[in-house]
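Descriptive structure summary
Residue-level listing of the chains:
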Amino acid sequence: EQYFSRKEGGCADCPTLWRFGILAAALVALAGTIFLSYQAVSRIAVKALRRIFGPAVAIRLSQLEARVGIQPKLKIVVSFYQVATTLGPVYGARLHEDFRDWMSVLEFFSFDLLGLTYPDACIGSMSHRLLLAALWPFAVILLGSAAFAAHALTVWLLLRNPVWQSRRGRRWQSGTSGIVAVDADGDGIPDRGVVAVDMDGDGTPDHIEDVDVIDTDGDGVVSVSELNHLRWRELVRGTQSRILYLAILVAYFVLPSVSRSIFKARMCESFGISVFDATARRSYLVADLEVLCRSDDEMYRGLDAYFWAFFVLWPVLVPLVLLGLLLWIRRDVRALRVTRLSRACRFLWRDYNARFHYWELADMYRKLFLASLVLFIQTDDGSSKLLRLIVASVVSALFLTALALVKPFKRFDDFYLACTANLLLTCCFVLGTVVQICESAAYEDMCDTLVGFPSARGASSFVIVLTVTTIAVSLVLVVLKSISAIRAPTIRLLSNRRPPVMDLSKKCHFHGFISHIWSTGQDQTHTIVRQMKLVMPDVRIWLDVDCLKNLGALEESVADATTFLVFLSVGYFKSRNCRRELYAGLALDRPFIPIHEADVEKGGAALEVLKAECRAHCVDDAGLGTYPSYLGPAEMVFRIFEKEEPILWVRVNAFQLESLKSIALRMLRHSPYYMRSPNILTAGAMVPGEVPPYAFVGPVTILV
């Protein structure tokens with residue numbers, strides 16, 4: 001009924017179990033309240049801002065969070081404190097008593113539900129503690145899954161209720177008449193259906209992605225049963241995605257603390273048992289001093305079985321499952337294809353470059369080692385020695401070096417924050433070594449003699465300064481990123497003020513292939529690609545100097561891009577390799593996006609001159625063997641010059657931006673996402689800070 005309290009420095013009465021239940025329920029309720037309040041306030045705030053300032057300001061503010069990147073910064077800060085708070089219990093570097101209350105506040109970042117709500121020693125036997133510590137996250141996932149399932153069932157029942165449909169479903173009912181079947185993968189067969197349906201019951205139609213044609217019987221009419229089947233299937237799939245996202249979230253945040261709790265079955269401390277014989281010692285379990293750490297002790301052997309079972313479950317299987325998910329979606333992530341599974345796993349990969357989408361696992365293993373696996377080092381008395389701190393300092397320094405070399409983050413501010421956090425964490429371990437030396441009573445005045453601090457309080461002050469610095473640096477970066485995000489000159493769609501969705505079909509890895517002749521178009525095409533990446537950071541354009549490895553594989557490179565960009569300049573049609581690319585584009589029926597260089601001094605020419613060049617040189621039989629059904633120059637002229645008007649390339653800043661927006665809109669028009677929702681692109685695009693349209697208010701005479 002009592003336990004040893006380090007805070008009180010003695011025995012304290014165990015609180016009643018009612019307190020445990022109340023505190024646990026309060027924490028869960030608090031988390032749920034914060035989430036629901038955030039959702040409610042966000043919706044209310046967006047609606048209020050929409051009415052007061054207009055839809056543009058409301059949408060811009062609602063998207064500010066995504067552009068600032070709160071999630072990666074939160075993960076970096078939480079990871080720092082999850083490791084920093086283990087200085088005392090794992091490494092034995094306990095801060096001066098004046099600062100222990102400060103570190104106890106930071107224990108919240110460990111997400112240890114049991115440790116935060118109820119003393120371990122009061123729960124029961126050590127085996128019961130291990131069971132609770134290892135299984136409570138699964139209980140949270142099950143409760144969340146039940147809540148998601150109940151929500152889905154409620155929405156399904158309401159959608160089938162005629163009264164509720166008449167009150168709340170008018171908007172999506174009007175959308176059901178527009179069933180669109182499009183050829184998303186370019187195989188000539190309509191294979192996608194889009195219907196506006198209110199899936200979450202908020203009265204607003206939700207866009208459904210990647211759904212099969214719902215006219216299952218092929219009669220050309222979408223029946224009520226077919227539409228209900230679609231709704232139910234989408235609700236089930238959406239619920240499965242939310243459950244997976246919840247499981248990933250819980251596993252990410254609790255893995256270090258649960259693994260550390262499991263290691264309590266192995267953490268022993270050696271005590272002297274004789275004043276006459278200094279070598280006579282016995283080791284007892286730190287978490288339960290009744291357990292003797294010997295292989296012949298029955299209780300210890302039982303705990304050993306629990307330990308290895310839960311060790312395989314958490315530090316081994318959980319990261320392996322997450323690694324399996326990342327391996328499963330790696331092709332979709334690298335090709336910028338958004339699928340249900342990749343969206344459900346977005347917490348793990350969306351903050352990193354596609355090449356390093358697995359970096360979250362590397363960081364997770366770093367935390368796992370520093371917070372728990374390091375306990376394998378000197379299990380009897382490792383917390384009273386320096387070896388663990390030395391190993392942790394080396395590991396942190398090596399990880400910082402790898403982070404600096406790899407640069408896995410999409411945003412540079414996240415990269416700088418991660419480097420800062422790892423540097424400060426390394427300093428914490430070094431100062432932890434100093435704290436432990438200063439706390440040692442082996443030699444008199446050791447702290448002042450070896451380190452220079454008169455007491456351990458000075459070293460503890462440095463640790464506190466480092467932890468506060470991490471919070472300060474994070475806040476400063478968030479503010480600076482917010483300011484830069486508002487001013488970022490990237491393309492946004494006028495219909496929703498959002499950056500465009502840059503997905504790719506399953507058969508392609510590039511949004512566009514740009515074809516040009518080096519003599520008159522190399523500099524211009526390089527400028528186009530660089531500027532396009534500035535205004536659309538996620539765009540992928542095949543450019544020979546970046547991607548060409550084998551001149552004989554030009555046709556395969558054209559096939560790997562969704563669209564075919566043609567830069568029209570003098571001498572383009574005279575080049576045999578340029579004609580190879582053109583014939584490949586025709587054979588694959590790729591959408592042509594012609595870009596016209598009109599400046600004669602820059603290698604350009606009038607369109608009639610370029611047409612004549614095309615008629616004179618595009619006369620190869622069977623398209624050089626690439627396009628057997630080639631009909632001759634007339635077909636080429638039609639595809640390049642007549643099917644769509646070529647985009648004029650202009651170099652002056654404001655007008656160049658208009659050229660870039662025209663290129664972007666034509667590329668987006670042929671992406672899978674906007675093929676299913678073409679109306680989103682109808683209003684056009686804009687760039688924050690661009691020159692707005694101007695018009696004369698009266699008659700004007702212009703002398704030329």
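Residues numbered from 1 in each chain as written. Predicted model: local features only at pLDDT ≥ 70, side-chain atom pairs only at ≥ 80, totals over all residues. Heavy atoms only, no water.

A few words on the overall build of the protein chain. Scanning the protein chain from terminus to terminus reveals 27 helices and 13 strands. Looking at the protein chain as a whole, 46% of its 704 residues are labelled buried. Partitioning the intrachain contacts of the protein chain with sequence separation of at least 6 by distance along the chain shows that 69% fall at a separation of at least 24. Approximately 35,900 Å² of the protein chain is accessible, and the part contributed by carbon and sulfur atoms is 62%. (Helix = DSSP H or I, 4+ residues; strand = E, 2+ residues; numbered from the N terminus. Buried < 20%, exposed > 50% of the residue type's maximum accessible area, 1.4 Å probe, protein only. Contact = heavy atoms within 4.5 Å. Areas by Shrake-Rupley, 256 points an atom, 1.4 Å probe, with all protein chains shown as cover.)

Taken as a whole and assessed by the stated rule, the structure comprises four cavities of 30 Å³ or more. What lines the largest cavity is a set of 19 residues, and nearest its centre among them are Ile-76, Ser-79, Asp-363, Arg-366 and Ala-418. Of all the elements in the fold, those that place two or more residues in the lining of the largest cavity are helix H4 (70-84), helix H15 (359-371), helix H16 (387-406) and helix H17 (412-439). Looking at the lining of the largest cavity element by element, the count peaks at five residues for H4. Grouping the constituent residues of the lining of the largest cavity by class yields twelve nonpolar, two polar and five charged. (1 Å grid on protein atoms, 1.4 Å probe; cavity = no way out; pocket = protein on both sides within 12 Å on 5 of 7 lines; lining within 4 Å. Points joined across faces, edges and corners; volume = space filled by probe spheres on them. Nonpolar A, V, L, I, M, F, W, Y, C, P; charged D, E, K, R; others polar.)

All right, on to the pattern of salt bridges then. Evaluation of the coordinates by the stated rule reveals 15 salt bridges. Note that Asp-351 is salt-bridged to Lys-75, the shortest N-O span being 3.2 Å. Placement of the pair is Asp-351 in the loop between helix H14 (346-349) and H15 and Lys-75 in helix H4, with a sequence separation of 276 residues. Salt bridges here are not isolated pairs; linked through shared partners, they connect Lys-75, Asp-351 and Glu-360. (Salt bridge = Lys/Arg side-chain N within 4 Å of Asp/Glu carboxyl O.)

Per-residue pLDDT for the protein chain has a mean of 78; in total, 72% of the residues score no lower than 70. Confidence scores differ between elements of the protein chain, with helix H9 (residues 170-175) showing the lowest mean pLDDT of 38 and strand E11 (residues 592-596) the highest of 96. Note that residues 37-45 has pLDDT below 50 and, in this model, five contacts with residues that lie over four places away or in other chains. (pLDDT = per-residue confidence, 0-100.)

Under the defined criterion, the tally for this structure stands at 30 aromatic pairs. With 6.2 Å between their ring centres and 40° between their planes, Phe-573 and Phe-641 make a pair best called tilted. One end of the pair, Phe-573, is in the loop between strand E10 (561-568) and helix H23 (576-588); the other, Phe-641, is in helix H25 (residues 633-642), with 68 residues separating them in the sequence. For Phe-573, a relative accessible area of 0% corresponds to the buried category. (Phe/Tyr/Trp six-rings, centres within 6.5 Å; stacked < 30°, edge-to-face > 60°.)

What follows covers the environment of Val-321. For Val-321, the position within the fold is in helix H11 (residues 298-328). Measuring from C-alpha to C-alpha, the distance between Val-321 and Ile-248 comes to 9.8 Å, with 73 residues separating the pair along the chain.

To continue, consider the packing of H23 against H25. Following both chains from N to C, one finds H23 and H25 inclined at 85°, their axes separated by 12 Å at the closest point. In this view, H23 runs roughly perpendicular relative to H25, as classed from their interaxial angle. Contact residues: H23 offers Leu-582, Tyr-583 and Leu-586, while H25 offers Glu-635, Met-636, Arg-639 and Ile-640. The residue makeup of the contact of H23 with H25, split by class, is five nonpolar, no polar and two charged. (Axes fitted to C-alpha atoms, helices over the stretch in contact; angles between N-to-C directions. Parallel < 35°, antiparallel > 145°, perpendicular 65-115°, else oblique.)

A word on the nonpolar core. In terms of nonpolar packing, the biggest core is built from 75 residues, with Phe-80, Tyr-91, Leu-285, Trp-314, Leu-322 and Phe-429 touching the most fellow members. Where this core is concerned, the elements lending two or more residues are H4, helix H7 (126-159), helix H10 (224-262), H11, H14, H15, H16 and H17. By size, the runner-up hydrophobic cluster in this structure holds 29 residues, among which are Met-502, Val-529, Ile-663 and Leu-681. (Core = buried A, V, L, I, M, F, W, Y, C linked by side-chain atoms within 4.5 Å.)

Now for the sheet that holds E11. In spatial order, the strands read E9-E8-E10-E11-E12; together these five strands make up an open sheet with parallel pairing. The open sheet has two free edges, formed respectively by strand E9 (541-542) and strand E12 (647-648), since each of these has just one partner strand. Summarising the sheet, E11 and E12 pair through two bridges and their orientation is parallel. Considered in E12, the bridge of Ile-595 is made with Ile-647. (Pairing = 2+ DSSP bridges.)

It is worth spelling out unusual backbone geometry at this point. Although it is not a glycine, Ala-622 adopts a positive phi angle of roughly 55°. Using a relative accessible area of 32% as the deciding quantity, one classes Ala-622 as partly exposed.

Among the surface-exposed residues, Val-312, Leu-317, Leu-320, Leu-323, Leu-327 and Tyr-365 lie close enough to one another that they form a single nonpolar patch of about 490 Å² accessible area. At five residues, the largest contribution of residues to the nonpolar patch is made by H11. Mapped onto the secondary structure, Leu-317 falls in helix H11. You can call Leu-317 partly exposed: its relative accessible area is 40%. (Patch = residues over 30% accessible without salt bridge, like charges linked within 9 Å, V, L, I, M, F, W, Y side chains within 5 Å.)

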